[in-house]
Amino acid sequence: HFLVRAACCDSFISVVENDVTAAKQRLDQVGQSCPRLVCQYVFRRNDIVWICRSCQADETCVMCNACYLDSDHTGHDVYFYHAQAGGCCDCGDADAW
């Protein structure tokens, strides 16, 4: 994955030096071809926050509703609560799961 990201960065930098509009277009392309590995959705007040005690590395590890629905926790010790504003989804963070 590092080599792909390095190639994306090199390509982006060469475009930035020549044309701002082209740089914005290239940044959009890079974003689509190099997806984020960690969700990091920032919780808003009353968002549903999921906890899977069977998977989490510690009691602070949580998932947003979208990540929970996109994963399989059948038979796991799962809970949810409504968020206060703040905090973020840990889905994709290898240290959290």
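Reading the values: rules and limits
Residues numbered from 1 in each chain as written. Predicted model: local features only at pLDDT ≥ 70, side-chain atom pairs only at ≥ 80, totals over all residues. Heavy atoms only, no water. Phe/Tyr/Trp six-rings, centres within 6.5 Å; stacked < 30°, edge-to-face > 60°. Buried < 20%, exposed > 50% of the residue type's maximum accessible area, 1.4 Å probe, protein only. Helix = DSSP H or I, 4+ residues; strand = E, 2+ residues; numbered from the N terminus. Lys NZ or Arg CZ within 6 Å of the ring centre and 35° of its normal. Pairing = 2+ DSSP bridges.

Undergrad: Sorry if this is basic, but what is going on with the packing of aromatic side chains here?
TA: For any pair of aromatic rings, the description rests on two quantities: the centre-to-centre distance and the angle between the ring planes. Within the structure shown, the criterion is met by three aromatic pairs. Relative to Phe 43, the ring of Tyr 41 lies with its centre 5.8 Å away and its plane at 80°, an arrangement referred to as edge-to-face. The exposure class assigned to Tyr 41 is partly exposed, which follows from its relative accessible area of 28%. For Phe 43, a relative accessible area of 4% gives the class buried. With a centroid separation of 3.8 Å and 5° between ring planes, the pair formed by Trp 50 and Tyr 68 is classed as stacked. Of this pair, Trp 50 sits in strand E1 (residues 48–52) while Tyr 68 is found in helix H3 (residues 65–69), placing the two residues 18 residues apart along the sequence. Residue Trp 50 is classed as buried on the basis of its relative accessible area, which comes to 14%. Residue class for Tyr 68 comes out buried when judged on its relative accessible area of 19%. Taken together, Trp 50, Tyr 68 and Phe 80 form an aromatic cluster joined through their ring pairs. One Lys or Arg, Arg 53, reaches over the ring of Tyr 79 and ends 4.4 Å from the middle of that ring.

Undergrad: Explanation requested: the sheet that holds strand E2 (residues 63–64) in the structure shown.
TA: Two pairing modes exist for strands in a sheet, parallel and antiparallel, and in both the strands are linked by backbone hydrogen bonds. The three strands lie next to each other as E2-E1-E3, forming an open sheet whose pairing is antiparallel. Since the sheet does not close on itself, it has two edges, and those belong to E2 and strand E3 (78–82), each with one partner. When E1 meets E2, the two strands line up antiparallel, connected through two bridges. Across the sheet, residue Trp 50 finds its bridge partner in E2, namely Met 63.

That's the geometry; what it means functionally is another story.
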